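Fold and geometry: a report
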There are 4 protein chains.
Amino acid sequence: MTLADARRVIAAAEKKATEIGQPMNIAVVDEGGNLVSHVRMDGAWIGSINIAINKAFTARAFDISTKDLAKLSQPGGEFFGIHESNHGRIMVFAGGIPLRRNGKVVGAIGVSGGMGAQDQAVAEAGAAAF
Amino acid sequence: MTLADARRVIAAAEKKATEIGQPMNIAVVDEGGNLVSHVRMDGAWIGSINIAINKAFTARAFDISTKDLAKLSQPGGEFFGIHESNHGRIMVFAGGIPLRRNGKVVGAIGVSGGMGAQDQAVAEAGAAAF
Amino acid sequence: MTLADARRVIAAAEKKATEIGQPMNIAVVDEGGNLVSHVRMDGAWIGSINIAINKAFTARAFDISTKDLAKLSQPGGEFFGIHESNHGRIMVFAGGIPLRRNGKVVGAIGVSGGMGAQDQAVAEAGAAAF
Amino acid sequence: MTLADARRVIAAAEKKATEIGQPMNIAVVDEGGNLVSHVRMDGAWIGSINIAINKAFTARAFDISTKDLAKLSQPGGEFFGIHESNHGRIMVFAGGIPLRRNGKVVGAIGVSGGMGAQDQAVAEAGAAAF
């Protein structure tokens with residue numbers, strides 16, 4: 001995951017966010033879960049800086065979209081309580097998607113700034129550009 | 001709980017994880033709840049490092065399997081909220097098992113890297129070797 | 001401090017880092033000390049992600065360059081101990097510079113990835129583009 | 001950095017620790033700074049579990065031995081205060097060494113359990129086996 005890769009992913013996500021009219025925080029992490037790049041679009045929530053970065057971390061940490069993890073981590077679900085792990089870095093709602101190359105997860109994108117469906121749509125647009 | 005004990009437990013757990021084809025993080029803690037050894041099998045989730053260690057801690061902290069604790073700590077359950085204690089170290093889903101010697105808990109194993117039933121099966125295989 | 005501002009500052013810093021041959025983490029925060037954008041150049045230290053972001057925070061938090069704050073916060077200095085405040089976000093070595101508009105601090109840049117003089121030079125190049 | 005690599009490094013470090021008669025905590029992290037394996041030798045300090053893991057993280061985070069980082073991060077040094085970054089994970093005393101393959105840092109070893117020279121000697125023995 002190069003910085004150029006991350007920027008291409010972020011640019012596609014930003015374009016989608018602009019289209020739907022919702023400013024977002026967008027982050028990309030590498031294979032080790034470490035931040036490669038982050039942007040906060042003008043007017044996006046400051047509380048979402050941390051969430052976007054951590055959605056990306058979460059998607060890489062478990063090689064799963066945070067939308068799917070959300071289902072497994074509800075009360076009664078088999079991963080309920082996982083949000084308490086990893087020092088508050090696990091986000092269990094939509095907007096984080098693993099990025100694969102040749103079938104292997106090599107990073108992830110995390111998006112936060114709107115409702116779940118918006119975050120997810122923007123993350124998907126970013127992931128599609130990888 | 002010696003390092004040799006921990007390694008024997010981990011080896012048995014690793015063997016089981018290999019059999020079911022799911023790479024795992026496996027950790028063993030001692031009577032004090034402190035880590036004796038941890039291994040991350042190739043390809044296992046990086047988000048599960050913390051979880052495996054903390055499942056082992058949790059199982060020793062309350063002398064209970066995390067699978068059983070999970071039932072007690074759901075919304076409405078009498079331990080609901082326990083996951084907030086101990087600075088984020090309490091894991092309330094399957095994969096942590098106390099290790100007993102002469103009826104006394106002297107440590108625990110914690111496994112994370114798959115679905116709940118997989119984590120539990122691997123932890124049981126490890127515990128059986130103690 | 002718009003995202004466009006932050007990107008212009010980061011681009012100038014990146015150019016300088018490339019010139020001196022040292023990959024860097026570069027971050028820009030706004031008037032509230034909140035992250036606007038971060039990039040990790042290929043090969044830059046992963047431990048410097050946190051440091052770059054926090055140098056920027058520190059420079060805005062006290063409206064001072066972290067190079068100057070470094071002098072005041074040595075043992076015996078009048079701000080010695082300040083690094084313990086703000087939950088570990090205060091960095092007391094060179095590489096963070098406030099960004100001013102019409103004499104007012106409206107954000108800051110933070111750079112980390114090399115020796116102090118390198119971080120400072122790259123931060124200055126970024127600040128000059130604001 | 002495979003688990004087999006980490007075990008080979010740990011075995012060499014353990015052998016050295018046994019020779020000098022000082023039980024140690026020994027940890028290996030991968031390229032992303034994430035733990036691959038940890039062992040606590042019988043009788044080693046429990047306070048050193050965290051330190052060994054974090055020395056390894058630090059050595060990878062900045063691609064430098066913690067012995068060298070120690071010199072740069074003393075009062076008056078250009079990295080003084082770095083120990084406050086990265087949420088308490090930066091250790092600035094001897095015992096952490098980057099592990100290189102073809103000139104590139106792909107992980108690190110961290111050792112803690114004795115005096116600085118002992119930790120360093122054991123870490124060097126481990127690194128030599130990589």
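Residues numbered from 1 in each chain as written. Chains lettered and ligands numbered in written order. Predicted model: local features only at pLDDT ≥ 70, side-chain atom pairs only at ≥ 80, totals over all residues. Heavy atoms only, no water.

Before going further, it helps to spend a moment on the layout of surface pockets. Here the second largest pocket is characterised by a volume of approximately 960 Å³. Around the second largest pocket, the lining comprises 39 residues; the ones closest to its centre are Glu31(A), Gly32(A), Asp30(D), Glu31(D) and Gly32(D). At the level of secondary structure, the elements contributing two or more residues to the lining of the second largest pocket comprise β4 (104-112) of chain A together with β4 (104-112) of chain D. The residue makeup of the lining of the second largest pocket, split by class, is 15 nonpolar, 9 polar and 15 charged. (1 Å grid on protein atoms, 1.4 Å probe; cavity = no way out; pocket = protein on both sides within 12 Å on 5 of 7 lines; lining within 4 Å. Points joined across faces, edges and corners; volume = space filled by probe spheres on them. Helix = DSSP H or I, 4+ residues; strand = E, 2+ residues; numbered from the N terminus. Nonpolar A, V, L, I, M, F, W, Y, C, P; charged D, E, K, R; others polar.)

Okay, the environment of Ala129(D) next. Residues and elements named next belong to chain D. Locating Ala129 in the fold gives a position in the segment after α4 (116-128). On a C-alpha basis, the gap between Ala129 and Ile49 in space is 22 Å, while along the polypeptide they are 80 residues apart. Apart from the residues within four sequence positions on either side, Ala129 is in contact with Arg8, Val9 and Ala12. (Contact = heavy atoms within 4.5 Å.)

Note on placement: Ser48(C) falls in helix α2 (residues 48-61). As for Ser48(C) and Gly113(C), which are separated by 65 residues in sequence, their C-alpha atoms are 5.8 Å apart.

Now for the relation of the copies chain A and chain B. Superposition record for chain A on chain B: RMSD 0.1 Å, screw rotation 90°, translation along axis 0.4 Å. The operation mapping one copy onto its partner corresponds to a four-fold rotation axis. Among all residues of chain A, the one whose C-alpha sits closest to the rotation axis is Pro75(A), at a distance of 4.8 Å. When the interface residues of chain A are mapped onto chain B, a mere 20% of them again fall at the interface, so the copies present different faces. (Least-squares fit on C-alpha atoms with pLDDT ≥ 70 in both.)

Attention shifts here to the packing of aromatic side chains. Per the stated rule, a full pass over the model turns up 4 aromatic pairs over all chains. Between Trp45(C) and Phe62(D) the ring centres are 5.8 Å apart and the planes differ by 90°, which places this aromatic pair in the edge-to-face class. Here Trp45(C), found in the loop between β2 (35-40) and α2, pairs with Phe62(D), found in the loop between α2 (47-61) and α3 (66-72), and the two come from separate chains. Accessibility expressed as a relative area gives 4% for Phe62(D), which makes it buried. (Phe/Tyr/Trp six-rings, centres within 6.5 Å; stacked < 30°, edge-to-face > 60°. Buried < 20%, exposed > 50% of the residue type's maximum accessible area, 1.4 Å probe, protein only.)

Next up on the list: the interface of chain A and chain B. Taken residue by residue, the interface counts 20 residues in chain A and 21 residues in chain B. Of the roughly 1600 Å² buried at the junction of chain A and chain B (both faces included), carbon and sulfur atoms supply 63%. Put simply, chain A and chain B have 0 salt bridges between them. The tally of links between chain A and chain B comes to 7 residue pairs in polar contact (both at pLDDT 80 or more). When the residues that make up the side of chain A that touches chain B are grouped by side-chain class, the tally is 7 nonpolar, 8 polar and 5 charged. (Buried area = accessible area lost by both parts, 1.4 Å probe. Salt bridge = Lys/Arg side-chain N within 4 Å of Asp/Glu carboxyl O. Polar contact = N/O pair within 3.5 Å; in protein donor to acceptor, adjacent residues only side chain to side chain.)

Glancing now at the packing of helix α1 (residues 3-20) of chain C against helix α4 (residues 116-128) of chain C. Residues and elements named next belong to chain C. The geometry of α1 relative to α4 is characterised by a closest axis approach of 7 Å and an angle of 140° between their N-to-C directions. One finds that α1 runs oblique with respect to α4. For the element pair α1 and α4, the recorded crossing hand is right-handed. Taking contact as the criterion, the partners of Val9, Ala12, Ala13, Lys16, Ala17 and Ile20 in α1 are, on α4, Gln118, Ala121, Val122, Ala125, Gly126 and Ala127. (Axes fitted to C-alpha atoms, helices over the stretch in contact; angles between N-to-C directions. Parallel < 35°, antiparallel > 145°, perpendicular 65-115°, else oblique. Left-handed = near helix turned anticlockwise from the far one by under 90°.)

Counting 37 residues, the largest nonpolar core has Ile26(B), Ile109(B), Ile26(D) and Ile109(D) as the members making the most contacts within it. Residues Val28(A), Ala6(C), Leu99(C) and Ala123(C) belong to the second largest nonpolar core, which totals 36 residues. (Core = buried A, V, L, I, M, F, W, Y, C linked by side-chain atoms within 4.5 Å.)

Atom-level detail of predicted coordinates should not be read off regions where pLDDT is low. Of the residues in chain A, 100% have a pLDDT of 70 or more, and the chain-wide mean is 97. Both scores are available for the predicted complex, with the pTM at 0.97 and the ipTM at 0.96. (pLDDT = per-residue confidence, 0-100.)

Moving on, we come to the pairing of strand β3 (residues 96-101) of chain A. Residues and elements named next belong to chain A. Two strands pair when backbone bridges link them, and β3 and β4 are joined in this way by 6 bridges, in the antiparallel orientation. By the bridge assignment, Arg100 is partnered in β4 with Val105. Once β3 ends, the chain turns through 2 residues before running back antiparallel as β4, passing Asn102 with a positive phi of about 50°. (Pairing = 2+ DSSP bridges.)

Right, let's get into the pairing of strand β1 (residues 25-30) of chain A. Residue and element names in this part refer to chain A. With respect to burial, β1 is a largely interior element, 6 of its 6 residues being buried. Neither face of β1 is left uncovered, since the one carrying Asn25, Ala27 and Val29 and the one carrying Ile26, Val28 and Asp30 both have all their residues buried. As judged from the 6 bridges shared by β1 and β4, these two strands associate in the antiparallel manner. Counted as the bridge partner of Asp30 is Gly107 from β4. Here β1 folds back onto strand β2 (residues 35-40), and the loop between the two strands holds 4 residues, one of which, Gly33, carries a positive phi near 85°.

With that settled, consider the pattern of salt bridges. Evaluation of the coordinates by the stated rule reveals 36 salt bridges over all chains. The salt bridge involving Glu14(C) is made with Arg7(A); its shortest N-O contact spans 2.7 Å. In this pair, Glu14(C) sits in helix α1 while Arg7(A) sits in helix α1 (residues 3-20), so the two residues belong to two different chains. With relative accessibility at 16%, the residue Glu14(C) sits in the buried group. Here Asp63(D) makes a salt bridge to Arg60(D), at a shortest N to O gap of 2.4 Å.

Taken together, the 8 strands give an open sheet; going across it, the order is β3(A)-β4(A)-β1(A)-β2(A)-β2(C)-β1(C)-β4(C)-β3(C), and neighbouring strands pair in antiparallel fashion. Looking at which strands have only one partner, the edges of the open sheet turn out to be β3 of chain A together with β3 (96-101) of chain C. Going from strand to strand, the sheet's axes swing by 20° on average, the running direction of each strand aside. On top of the sheet, helix α2 (residues 48-61) of chain A reaches β1, β2, β3 and β4 of chain A together with β2 of chain C; it is set at about 155° to β4(A), its chief contact. Lying on the sheet, α4(C) is in contact with β3 and β4 (104-112) of chain C; it crosses β4(C) at an angle near 140°.

Two strands in a sheet stick together by hydrogen bonds in their backbones, pointing the same way (parallel) or opposite ways (antiparallel). In space, the 8 strands of this open sheet follow the order β3(B)-β4(B)-β1(B)-β2(B)-β2(D)-β1(D)-β4(D)-β3(D), with antiparallel pairing throughout. Here the strands that pair on one side only, and so sit at the sheet edges, are β3 (96-101) of chain B together with β3 (96-101) of chain D. The average undirected angle you get between the axes of adjacent strands in this sheet is 20°. Bridge count between strand β1 (residues 25-30) of chain B and strand β2 (residues 35-40) of chain B: 5 bridges; the pairing is antiparallel. Bridge assignment links Val28(B) to a residue of β2(B), and that residue is Ser37(B). The strands touched by helix α1 (residues 3-20) of chain B are β1, β2, β3 and β4 (104-112) of chain B together with β2 (35-40) of chain D; relative to β2(B), the strand with the most contacts, the crossing angle is about 30°. In the packing of α4(D) onto the sheet, contacts are made with β3 and β4 of chain D, and the angle to β4(D) comes to roughly 140°.

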